[in-house]
Amino acid sequence: MANVEIRNAEVTRLISGYGAVVCESYKDKQGEVRKNYYTVWTNDSLAEGDVVNVKGLLSVKLDSYDKNGEKQYKAVANINNPTIEEVDVEF
């Protein structure tokens, strides 16, 4: 597994008893905002809207689902054994 570090990721969804989904945003070459989502497997106490830095082991799996009767695929990124640090965001 590869080590990954994600900075200033927003907690977008909680997975009760298992962890959370975090989102990192960035601008591509055309200036459009893009987002990457990661499932972080942890027992740490997090809340939706928290901004965190996450370090851990990255794994990616291919997931399939049905949409309108057609099989669709997407890559799902997971972070295991994470170290999570809350970011102090001031406006």
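This text gives an overview of the structure that appears in the document. For clarity, every value in this text was computed on a predicted model and none was experimentally measured. (Residues numbered from 1 in each chain as written. Predicted model: local features only at pLDDT ≥ 70, side-chain atom pairs only at ≥ 80, totals over all residues. Heavy atoms only, no water.)

1. Comments concerning the sheet that holds strand S2 (residues 19–27)
Taken together, five strands build a closed barrel; the order of strands is S1-S2-S3-S5-S4 and the barrel is mixed. For this sheet the average axis-to-axis angle between neighbouring strands, irrespective of direction, equals 50°. The sheet contact formed by strand S1 (residues 2–15) and strand S4 (residues 51–67) spans seven bridges and is antiparallel. Bridge pairing in S4 links Glu 10 to Val 51. (Pairing = 2+ DSSP bridges. Helix = DSSP H or I, 4+ residues; strand = E, 2+ residues; numbered from the N terminus. Axes fitted to C-alpha atoms, helices over the stretch in contact; angles between N-to-C directions.)

2. Overview of the pairing of strand S5 (residues 70–86)
Successive side chains on a regular strand alternate, one facing one side of the sheet and the next facing the other. The pairing of strand S3 (residues 33–41) with S5 spans two bridges and is classified as parallel. Within S5, the position partnered with Val 40 by the bridge is Ile 79. The sheet contact formed by S4 and S5 spans 15 bridges and is antiparallel. Counted as the bridge partner of Leu 57 is Asn 80 from S5. Where S4 folds back onto S5 in an antiparallel hairpin, the turn is made up of two residues, including Asn 68, whose phi is positive at roughly 55°.

3. Quick word on the environment of Asp 28
Looking at the secondary structure, you find Asp 28 in the loop between S2 and S3. Taking relative accessible area as the criterion, Asp 28 reaches 18% and is therefore assigned buried. Sequence separation of Asp 28 and Thr 83 is 55 residues, and the distance between their C-alpha atoms is 27 Å. One polar contact links the side chain of Asp 28 to the main-chain amide nitrogen of Gln 30, over a distance of 3.0 Å. (Buried < 20%, exposed > 50% of the residue type's maximum accessible area, 1.4 Å probe, protein only. Polar contact = N/O pair within 3.5 Å; in protein donor to acceptor, adjacent residues only side chain to side chain.)

4. Remarks on the layout of surface pockets
The calculated volume of the largest pocket comes to roughly 180 Å³. As for the largest pocket, its lining consists of Arg 13, Val 21, Tyr 37, Tyr 38, Thr 39, Asp 63, Lys 74, Ala 75, Val 76 and Ala 77. Looking at the lining of the largest pocket element by element, the count peaks at four residues for S5. A per-class count over the lining of the largest pocket returns six nonpolar, one polar and three charged. (1 Å grid on protein atoms, 1.4 Å probe; cavity = no way out; pocket = protein on both sides within 12 Å on 5 of 7 lines; lining within 4 Å. Points joined across faces, edges and corners; volume = space filled by probe spheres on them. Nonpolar A, V, L, I, M, F, W, Y, C, P; charged D, E, K, R; others polar.)

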